Amino acid sequence: MRAVGGGRIGGAAPKGVSFSLSPADTDAMLAAADGANVAAGVEILREVYLEDTRGGDPVGLRIANDNDAVRFFIDYWSYVRWNERGNECLLSEVLFDGFVDMVLHPDYE
């Protein structure tokens, strides 16, 4: 398993950027992602990522807005859940950043 994010969630906001999600909202959404099926969980992570990266990395935003990429992440995490049989980390530990990093840095292991 390779997609582990370290992302911007809970980090300092870039200057001039305002976020509509409070830390409590973000925590609630990440908890919901952990308890949801894979497709719903990845979609929740995507929503948090998009709210957290407005004005951020244009490549990451393009990936997050690409339906084929999101479908790949859902299929990938479905495989991880099947393969790990409950031993995988939580989606809130991967974050959408982990999936974006997997695309941007495919040689990283």
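This one's a predicted model, so the numbers in the text were calculated from it and none came from an experiment.

(A) Inspection of helix α5 (residues 91-104) at higher detail. Taking 1.5 Å of rise per residue, 14 residues should cover 20 Å, and α5 covers 19 Å from first to last C-alpha, within 8% of that figure. Taking the largest bend as the criterion, α5 deviates by roughly 50°, centred on Asp97. At its buried positions, α5 is contacted by α1 (23-35), α2 (38-52), α3 (58-64) and α4 (67-84).

(B) Representation of the pattern of salt bridges. Considering all chains together, one arrives at three salt bridges under this definition. Its salt-bridge partner being Arg81, residue Glu88 comes within 3.7 Å of it at the nearest N-O pair. Using a relative accessible area of 26% as the deciding quantity, one classes Arg81 as partly exposed.

(C) Here's a closer look at the packing of α4 against α5. In the contact formed by α4 and α5, the axes pass within 11 Å of each other and the chain directions differ by 125°. Here α4 is positioned oblique relative to α5, judged by the angle of their axes. Here the hand of the crossing between α4 and α5 comes out right-handed. Of the residues in α5, those in contact with Val70, Phe72, Phe73, Tyr76, Trp77 and Arg81 of α4 are Leu91, Val94, Phe96, Phe99, Val100, Met102 and Val103.

Each value, and the rule that gives it
Residues numbered from 1 in each chain as written. Predicted model: local features only at pLDDT ≥ 70, side-chain atom pairs only at ≥ 80, totals over all residues. Heavy atoms only, no water. Helix = DSSP H or I, 4+ residues; strand = E, 2+ residues; numbered from the N terminus. Expected span 1.5 Å × (residues − 1). Bend = angle between axes of the 7 residues up to and from the residue. Contact = heavy atoms within 4.5 Å. Salt bridge = Lys/Arg side-chain N within 4 Å of Asp/Glu carboxyl O. Buried < 20%, exposed > 50% of the residue type's maximum accessible area, 1.4 Å probe, protein only. Axes fitted to C-alpha atoms, helices over the stretch in contact; angles between N-to-C directions. Parallel < 35°, antiparallel > 145°, perpendicular 65-115°, else oblique. Left-handed = near helix turned anticlockwise from the far one by under 90°.

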